[in-house]
Protein chains: 4
Amino acid sequence: MNKNNKILLGTDTVSGIHPKILSAIALASKEKTLPYGNDIFTIECKKNISKIFEKEDIEILPMMSGTASNSLALSSFLRSYGSVLCHIESHINKDEGGAPEFFSCGGKLLTISNSSGRINAEDLNKKIQEVNFKGKQYSQISGISITQLAENGTAYSQKEIKDISNICKKNNLYLHMDGARFSNALVCQSPLSPAQMTWKVGVDCLSLGATKNGAMAAEVIIFFNKDLAIEAKKLVKQTGHVIAKTRFISSQLNAWFQDGLWLILAEKANNTAKYLSDRLSEFKEFKLVYPTQANEVFFKISNKTYEDMIKLNIISNLWGMENENKLIVRFVTSFETEIFEIDELIKRIKSFCSKN
Amino acid sequence: MNKNNKILLGTDTVSGIHPKILSAIALASKEKTLPYGNDIFTIECKKNISKIFEKEDIEILPMMSGTASNSLALSSFLRSYGSVLCHIESHINKDEGGAPEFFSCGGKLLTISNSSGRINAEDLNKKIQEVNFKGKQYSQISGISITQLAENGTAYSQKEIKDISNICKKNNLYLHMDGARFSNALVCQSPLSPAQMTWKVGVDCLSLGATKNGAMAAEVIIFFNKDLAIEAKKLVKQTGHVIAKTRFISSQLNAWFQDGLWLILAEKANNTAKYLSDRLSEFKEFKLVYPTQANEVFFKISNKTYEDMIKLNIISNLWGMENENKLIVRFVTSFETEIFEIDELIKRIKSFCSKN
Amino acid sequence: MNKNNKILLGTDTVSGIHPKILSAIALASKEKTLPYGNDIFTIECKKNISKIFEKEDIEILPMMSGTASNSLALSSFLRSYGSVLCHIESHINKDEGGAPEFFSCGGKLLTISNSSGRINAEDLNKKIQEVNFKGKQYSQISGISITQLAENGTAYSQKEIKDISNICKKNNLYLHMDGARFSNALVCQSPLSPAQMTWKVGVDCLSLGATKNGAMAAEVIIFFNKDLAIEAKKLVKQTGHVIAKTRFISSQLNAWFQDGLWLILAEKANNTAKYLSDRLSEFKEFKLVYPTQANEVFFKISNKTYEDMIKLNIISNLWGMENENKLIVRFVTSFETEIFEIDELIKRIKSFCSKN
Amino acid sequence: MNKNNKILLGTDTVSGIHPKILSAIALASKEKTLPYGNDIFTIECKKNISKIFEKEDIEILPMMSGTASNSLALSSFLRSYGSVLCHIESHINKDEGGAPEFFSCGGKLLTISNSSGRINAEDLNKKIQEVNFKGKQYSQISGISITQLAENGTAYSQKEIKDISNICKKNNLYLHMDGARFSNALVCQSPLSPAQMTWKVGVDCLSLGATKNGAMAAEVIIFFNKDLAIEAKKLVKQTGHVIAKTRFISSQLNAWFQDGLWLILAEKANNTAKYLSDRLSEFKEFKLVYPTQANEVFFKISNKTYEDMIKLNIISNLWGMENENKLIVRFVTSFETEIFEIDELIKRIKSFCSKN
């Protein structure tokens, strides 16, 4: 690797398409099929998901955008006069330009703030009590949304999800999971199965993302609770998210699931992140902020360190700013990130940082 | 007053119509006029408001609902992809069933939480920095909304409003004031003028309410910044808030402003509230929560005290619940509340409470 | 009547408030009651409507705006991805600034065009077949809306409504009736009962208007099909159409129904319209366009005649323009229109028109 | 070609990806680039479009869905209280599940009905006059949308577009072109240039589609009027139509434009359609409905003929139904349709149809 090359580690969406997925697209192109989801690739996709998630009775919606995948899933139970509970740092609240509110024509996200980055039973109960107290004048709660992997790179344990879904059951709420980095969260909790991390602990629908982990543009909403699919299927056309040649999403997903490719890629990214996390922690200028469980690594650094990295073409993501001299940066590895890139990164860091 | 009579003090909307306002409605009924705001009463109303607020260059929209008055005013600058900063306890956030979000097709309320019940410059700057940091993925901020009287019964000082509007100017934001109890806030800061409390310190539009203070159903959006009226005037019909016989709103407002009736009624309510606040504070079971500045009084009481009040037909508003034995109740006086009612209330309280 | 006085006959909303309704408002003001519909006047109102419409099992929503009354009623079954069939000339399509589309976040009005001014079974079947043919890509039909009195002043017969509701049943559609001038349509088909003209022939919900016929601002949505009320009750707050002192709408309606006042006033308006229709038809410059069944009268006149009327302070409503010299004007009488006004009008017309 | 093979000619979206476009995707995958449109492929795409359309001063939005491309383009000037004029048969009115209405939160499509399948100056002027006549109560017109190729397979001439844009200028309206089959319309009017068919005759924005003509999923909104892009760029994220790896749309478009590939493919499809049209017209069972100008061919046939075709695995699109025995079917050729397929089709038709 040339020492002047940019090392892009700000997000996993800088990655390309895995060769097996590209081949699948090419193969799907050879056949003429009916458009709008009435093709054999989409039928096969549903079967694959049924098998992997160990559930016959599901509905799926293949999508091309993560924002749409989350917003449509939420709209399956969120109406304009309702609200959804989520963490204040969640992607749906901070990074989708108000899409959940738009898809639901004015539905409200009620946010929960805490330092763990994951919502928990106690916070939820308090918020629910507060809303119920106000009664009808408040936007009534319809469901809860959690992000797996959470925004701070940590994973909800099965027990944590179970506790949240118990609150859902008690309060008649739906449970949505934003799974943009679901595969990364899954492999770091091995041998937990996809089913054990979702519907077996009460998740009603999952926005599963393949784009950050090998696909070109492939997301799929999986409705474990099929009732929810009815509304979503009516809205998906009206929001412009039915693409004509649906087979090209489904075939990406099929290749992604084939022979556990999705898990292999996620594991590689996680391992590289762990390597990056360990090596960078050796420098006293880098203070690890959250435990590195999957493919996201957060460090607290000084402004000067941040600028030095940029000078040396190391591109991280400026995540937060505690004060003018305390920044939080995020590194995200993908299936394409190689150990030699991290070694090169460490080599460059060494030129201006000192070991603990 | 009969000792079995209910004393309704939970809200000022239990009150009726002031006789002078009722007479004005009757008088307006005698003339045939064009509908939909093309009548002399509405023209006169605008003139009255111009005079009272010392500004020629305004636009007004007479309305019948406070929720609509706030939501339409906000929609004059809030689009679906935008957001408005407000206090977490504000009426627009907690008590309008998601109307601001609906009117703006998905606009977002970004809330600020603090114990004073009023947003301040420091909190605002922090939130604005946070949103700007995230950039385009976040719902960009379009404006700020403050409530005068604030939800906790305290009034923003002229200085506080000025500080907020300076932030607005600096960040290119609009400033809206929810004035459901504007008159109560105004008279408690005498000799501050309506102009001094609004456009002279940077308020762009005011949702002024007469309903809680003498009218049957009369609210008016006053656009000090006339540009904002363009959008609102287009939306008002589509949201169903143009009533056919507009003159019956305008004539209510005209009578309300006539000879300072609005201020006289507000002052009476404020004085009665002060009397209630002082008398109730004498009992050790009643701990005043916020300073009583206008017509709202908040006390912390035990669950037992609350139940005793209900038994004696004293109806307050259950405002909050610190824990199972620490309640916060709200008393609101109106132009119709008389001192003898408060005396009767105190008499009943005495039967189960003891003086400090 | 002074010969220079304006004769305002363009619409019935130029009228004021009937004295009995004004008295009812004054009376309701004397009592303190809970706001937001939790008052005895609203409970009584529901009972009155139950009795008059001979149906126990209903829900009602008192409103202040006709546009909102129609749009909320439609939103009880119209979702963003759905559509409603209506006449192209209907008020909901042409005169509410897009409110039905807004309330439903993008629901579609599919219009039927014909010269009768009323939709009929044949037109409906053709349109339904066309939409079903296109299938899922088209906005699926949720219901049908008819206007009684129709926009052209004619009334749907019971048979016509029955035929339409049969189509609804066959196609699983809801039937809404815009009854802004329901009372005028009812009395002209005497002895048809309110029940016979609505739910007994399949109407699911009725937007009943009192404003044009004696009230200040009073409309009520009557849900004969109670299931529909669930959605509407959730939306009514969010659209800003819950006014604080609901009793002042309910008390208007109560007085309006009392001793058949609503029918007496409608009959008077209808009779005056018939008199106007007969007298004006005597002039060869005035060609009656539609049969005068209730309180609306339509004439085809020349541009010159129209201008002559204006010069003599006769204000009608310019309804349509066949070409530059063929105008259609509408006269609408109200409960306040007196025979002597019509006589004065005829006197003025005589000054420039000649008898047949 | 095997005689049992299905011949899929109902739509051009049954086609796959052109090899050159697939290669471009593969090539773009080799580089790490920033997501969300901040990549060199998207910059290049804009340059390509500028060159081809001979206009520097444009904005573009690469999209993956034709429905979204149309709806976002319309939303750049259509607000909830506005309306857009279009043909009743247009895709935006009949085939997008209400997406334009949803994107604009309730904007209205005002439809024009005629037998030519294309709107014209006379129809437009009549409709505009009608809406203006009604005034503010009607949803005011913001723009006009035309489809090139029109839904019935015919192309607007440059003169026809010019006439429409003159009406736009006169009435202060925007002009949108749905160009899902723009390339097919362009080559059939050779040597008309892209610029001559769009902005040079007053088109403000074009929804240009590549998906039906060689791409996997690639559409692009071209704003010749850059002001319109401001609003659209704010809405695109909120509607979920910013995909993470934008480069994979841009690179498709780049390959599509490269060396005139888009025109070569369109011309091939058009020629094949002409061949199909000519050959099928020889049978007396097939009556051509519209002139075959591009790649769509419409025939009127009997129910029996339609069923016979299905039996022989000829799949056309059932377009309309005049009566139970008069059907209209559509054949659409794509860049992948080969003459030998048409020959095979004709062979099968011969088995049950007779020549003129």
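Scoring rules and cut-offs
- Residues numbered from 1 in each chain as written.
- Chains lettered and ligands numbered in written order.
- Predicted model: local features only at pLDDT ≥ 70, side-chain atom pairs only at ≥ 80, totals over all residues.
- Heavy atoms only, no water.
- Helix = DSSP H or I, 4+ residues; strand = E, 2+ residues; numbered from the N terminus.
- Rg over C-alpha atoms; globule rule 2.2 N^0.38 Å.
- Buried < 20%, exposed > 50% of the residue type's maximum accessible area, 1.4 Å probe, protein only.
- Contact = heavy atoms within 4.5 Å.
- Areas by Shrake-Rupley, 256 points an atom, 1.4 Å probe, with all protein chains shown as cover.
- Lys, Arg positive; Asp, Glu negative; His and termini not counted.
- Charge placed at Lys NZ, Arg CZ, Asp CG, Glu CD.
- Least-squares fit on C-alpha atoms with pLDDT ≥ 70 in both.
- Pairing = 2+ DSSP bridges.
- Salt bridge = Lys/Arg side-chain N within 4 Å of Asp/Glu carboxyl O.
- Buried area = accessible area lost by both parts, 1.4 Å probe.
- Nonpolar A, V, L, I, M, F, W, Y, C, P; charged D, E, K, R; others polar.
- Polar contact = N/O pair within 3.5 Å; in protein donor to acceptor, adjacent residues only side chain to side chain.
- Phe/Tyr/Trp six-rings, centres within 6.5 Å; stacked < 30°, edge-to-face > 60°.
- Lys NZ or Arg CZ within 6 Å of the ring centre and 35° of its normal.
- Axes fitted to C-alpha atoms, helices over the stretch in contact; angles between N-to-C directions.
- Parallel < 35°, antiparallel > 145°, perpendicular 65-115°, else oblique.
- Left-handed = near helix turned anticlockwise from the far one by under 90°.

In terms of regular secondary structure, chain A is built from 13 helices and 13 strands. For chain A, whose C-alpha radius of gyration is 21 Å, the value lies close to the compact-globule estimate of 21 Å for 356 residues. For chain A, the proportion of its 356 residues judged to be buried stands at 65%. Here the contacts in chain A between residues at least 6 apart in sequence split such that 75% fall between residues at least 24 apart. For chain A, the exposed area adds up to about 12700 Å²; of that, 50% sits on carbon and sulfur atoms. Across chain A, the 44 positively charged side chains and the 38 negatively charged ones have centroids separated by 1 Å.

Aligned on chain A, chain D shows an RMSD of 0.0 Å; the corresponding rotation is 180° and the shift along the axis is 0.0 Å. Taken together, the turn and the small shift mark the pair as related by a two-fold rotation axis. Considering only C-alpha atoms, the part of chain D nearest the rotation axis is D:T239, at 3.5 Å. Of all interface residues in chain D, 100% are interface residues in chain A too; the two copies therefore contact each other through one and the same surface.

Residues and elements named next belong to chain C. Strands sit in the order β9-β10-β13-β12 across an open sheet of 4 strands; the sheet is antiparallel. Where the open sheet ends on each side, the last strands, each with one partner, are β9 (287-288) and β12 (317-323). As defined by bridge partners, β9 adjoins strand β10 (residues 296-301) across 2 bridges and the pair is classed as antiparallel. Its bridge partner being in β10, L288 is matched across the sheet by F299.

On to the side chain of C:E231. The residue C:E231 is located in helix α9 (residues 227-238) in this model. Under the relative-accessibility criterion, C:E231 is labelled buried at 15%. With residues near it in sequence (within four places) discarded, C:E231 still touches A:R79, A:Y81, C:S75 and C:S76.

Taken as a whole and judged by the stated rule, the model has 93 salt bridges over all chains. The shortest N-O distance in the salt bridge between C:E160 and C:R118 comes to 3.0 Å. You can see C:E160 sitting in helix α7 (residues 158-171) and its partner C:R118 sitting in the loop between β4 (108-112) and α6 (121-134), a full 42 residues away along the chain. Connected through shared salt-bridge partners, A:D12, A:R181, A:E296 and A:R330 make up one network.

Our next topic: the relation of the copies chain A and chain C. Each copy of the sequence occupies a distinct position, and chain A is placed on chain C by a rotation of 180° and an axial shift of 0.0 Å, giving an RMSD of 0.0 Å. Here 100% of the interface residues in chain A have copies in chain C that are interface residues too; the copies meet face to matching face.

Next up on the list: the interface of chain A and chain C. Residue-level contacts link 12 residues of chain A with 12 residues of chain C. Surface buried jointly by chain A and chain C totals about 1200 Å² across both partners, of which 45% is contributed by carbon and sulfur atoms. Interface area lost by chain A to chain C is led by A:Y81, A:Q137 and A:Q238, which between them contribute 42%. The interface formed by chain A and chain C includes 2 salt bridges. Salt-bridge contacts for A:R79 lead to C:E231; the nearest nitrogen and oxygen are separated by 2.4 Å. Classifying every residue of the side of chain A that touches chain C gives 4 nonpolar, 4 polar and 4 charged.

Each partner contributes to the interface: chain D provides 48 residues, whereas chain A provides 48 residues. Interface area, chain D with chain A, both sides summed: about 3900 Å², of which 63% is carbon and sulfur. When residues of chain D are sorted by the area they lose upon contact with chain A, D:K32, D:F102 and D:K245 head the list and together hold 20% of the total. Notably, a salt bridge pairs A:E341 with D:K32, separated by 3.3 Å at the nearest N-O pair. Run the count over chain D and chain A and you get 25 residue pairs in polar contact (both at pLDDT 80 or more). Of all elements in the fold, only α1 (19-28), α3 (66-75), α5 (99-103), α9 (227-238) and α10 (247-257) of chain D reach the threshold of two or more residues within the side of chain D that touches chain A.

Moving on: the packing of aromatic side chains. On inspection of all chains with the given rule, the structure shows 46 aromatic pairs over all chains. Aromatic pair B:Y290 and B:F298: ring centres 5.4 Å apart, planes at 85°, arrangement edge-to-face. By relative accessible area, B:F298 is classed as buried at 1%. Over the ring of C:F283 we find C:K355; its NZ or CZ atom is 5.7 Å from the centre of that ring.

Glancing now at the pairing of strand β5 (residues 140-147) of chain C. It is a general feature of regular strands that their side chains alternate between the two faces of the sheet. Residues and elements named next belong to chain C. Most of β5 sits out of view: 7 of its 8 residues are buried. Taken together, the 4 bridges between strand β3 (residues 82-87) and β5 define a ladder with parallel strand orientation. Across the sheet, the residue bridging to V84 is G143, located in β5. In terms of strand pairing, β5 meets strand β6 (residues 174-179) through 5 bridges, oriented parallel. Each residue of the ladder has a partner; that of I146, found in β6, is M177.

Before going further, it helps to examine the packing of helix α11 (residues 261-281) of chain D against helix α13 (residues 339-350) of chain D. When two helices pack together, their arrangement is given by the angle between their axes and by how far apart the axes lie. Residue and element names in this part refer to chain D. Interaxial distance between α11 and α13 falls to 10 Å at its minimum, and their mutual angle equals 15°. Taken together, the axis directions place α11 and α13 in an arrangement best described as roughly parallel. Classified by chirality, the crossing of α13 by α11 is right-handed. For the pair α11 and α13, the contacting residues are T272, Y275, L276, R279 and L280 in the first and I339, I342, D343, L345, I346 and I349 in the second.

Residues and elements named next belong to chain D. What the 7 strands build is an open sheet, ordered β2-β8-β7-β6-β5-β3-β4; its pairing is mixed. Only two strands of the sheet have a single partner each, and these edge strands are β2 (59-63) and β4 (108-112). Here the average twist between neighbouring strands, direction ignored, is 20°. In this structure, strand β3 (residues 82-87) lies alongside β4, joined through 5 bridges in parallel fashion. Paired with V84 across the bridge in β4 is L109. Contacts between helix α2 (residues 40-52) and the sheet are confined to β2 and β8 (219-223), with β2 contributing the most and set at about 120° to the helix.

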